[in-house]
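Each chain, written out:
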Amino acid sequence: LDGSVIPVGHYQVECEKNSDGYVTMKFYQAHYVIAQFPAEETDEDLFDEHLNYLTLDDFDDNRVKINYGSMDFNAFAIIEKAASP
């Protein structure tokens, strides 16, 4: 995210996969892209009971893991946490 911080809010999240298999995770508010970053497709179910989902898990002290699942594919991204004030 090039040092930017995603503001607290409600987001629609979409993952897009291009013809080369490159996956991008995008966070929208209304029709504006607030943040986008690379994600990695996975064959894992990511342990969610829903068909479409997004979960946020601590990865380590400095990063979080965002898990995305849909009918088309599953993906995840690991991004840095914002520094505490």
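Residues numbered from 1 in each chain as written. Predicted model: local features only at pLDDT ≥ 70, side-chain atom pairs only at ≥ 80, totals over all residues. Heavy atoms only, no water.

Trainee: Describe the overall build of the protein, with residues and values.
Mentor: Check the secondary structure of the protein and you find zero helices and six strands. Traced from its N-terminal end to its C-terminal end, the protein shows the element sequence β-β-β-β-β-β. Across the 85 residues that make up the protein, the buried fraction comes to 31%. By sequence separation, contacts in the protein at least 24 residues apart represent 31% of the contacts at least 6 residues apart. Per element, the accessible surface of the protein, about 6,300 Å² overall, is 48% carbon and sulfur. (Helix = DSSP H or I, 4+ residues; strand = E, 2+ residues; numbered from the N terminus. Buried < 20%, exposed > 50% of the residue type's maximum accessible area, 1.4 Å probe, protein only. Contact = heavy atoms within 4.5 Å. Areas by Shrake-Rupley, 256 points an atom, 1.4 Å probe, with all protein chains shown as cover.)

Trainee: Before we move on, could you go through the packing of aromatic side chains and cite the residues and values that matter?
Mentor: In the structure shown here, the tally under the stated rule is three aromatic pairs. Each ring, one from F27 and one from F37, has its centre 5.6 Å from the other, and the planes form 35°; the classification is tilted. Residue F27 is located in strand β2 (residues 23–29), and its partner F37 is located in strand β3 (residues 32–42); the two are separated by ten residues in the primary sequence. The same class applies to F27 and to F37, which are both buried. Geometrically, the ring pair formed by Y68 and F73 is tilted, given 6.1 Å between the ring centres and 50° between the ring planes. Judged by its relative accessible area of 12%, Y68 falls in the buried class. (Phe/Tyr/Trp six-rings, centres within 6.5 Å; stacked < 30°, edge-to-face > 60°.)

Trainee: I'd like a description of the nonpolar core, backed by residues and values.
Mentor: In terms of nonpolar packing, the biggest core is built from 15 residues, with C15, M25, F27 and F37 touching the most fellow members. For this core, the secondary structure elements donating two or more residues are β1 (12–17), β2, β3, β5 (63–69) and β6 (74–80). Not counting residues up to four positions away in its chain, the partners in contact with M25 are V13, E14, C15, A35, Q36, F37, A39, I66, Y68, F76 and A77. (Core = buried A, V, L, I, M, F, W, Y, C linked by side-chain atoms within 4.5 Å.)

Trainee: So what's going on with the pairing of β5? Which residues, and what values?
Mentor: Of all seven residues in β5, five are buried; the element is thus mostly enclosed. Turn length for the strand β4 (residues 53–58)-β5 hairpin, with the two strands adjacent in sequence and antiparallel, is four residues. One ladder, built from seven bridges, connects β5 with β6; its direction is antiparallel. In the sheet register, G69 faces β6, and the bridge partner there is N74. Hairpin connection from β5 to β6: four residues lie between these consecutive antiparallel strands. (Pairing = 2+ DSSP bridges.)

Trainee: For the pattern of salt bridges, give the residues involved together with the corresponding values.
Mentor: Evaluation of the coordinates by the stated rule reveals four salt bridges. In this structure, K26 and E16 form a salt bridge, with 3.2 Å as the shortest nitrogen-oxygen distance. Of this pair, K26 sits in strand β2 while E16 sits in strand β1, and the two are ten residues apart along the sequence. Residue K26 is classed as buried on the basis of its relative accessible area of 16%. Here R63 and D60 are joined by a salt bridge, their closest N and O atoms 2.6 Å apart. (Salt bridge = Lys/Arg side-chain N within 4 Å of Asp/Glu carboxyl O.)

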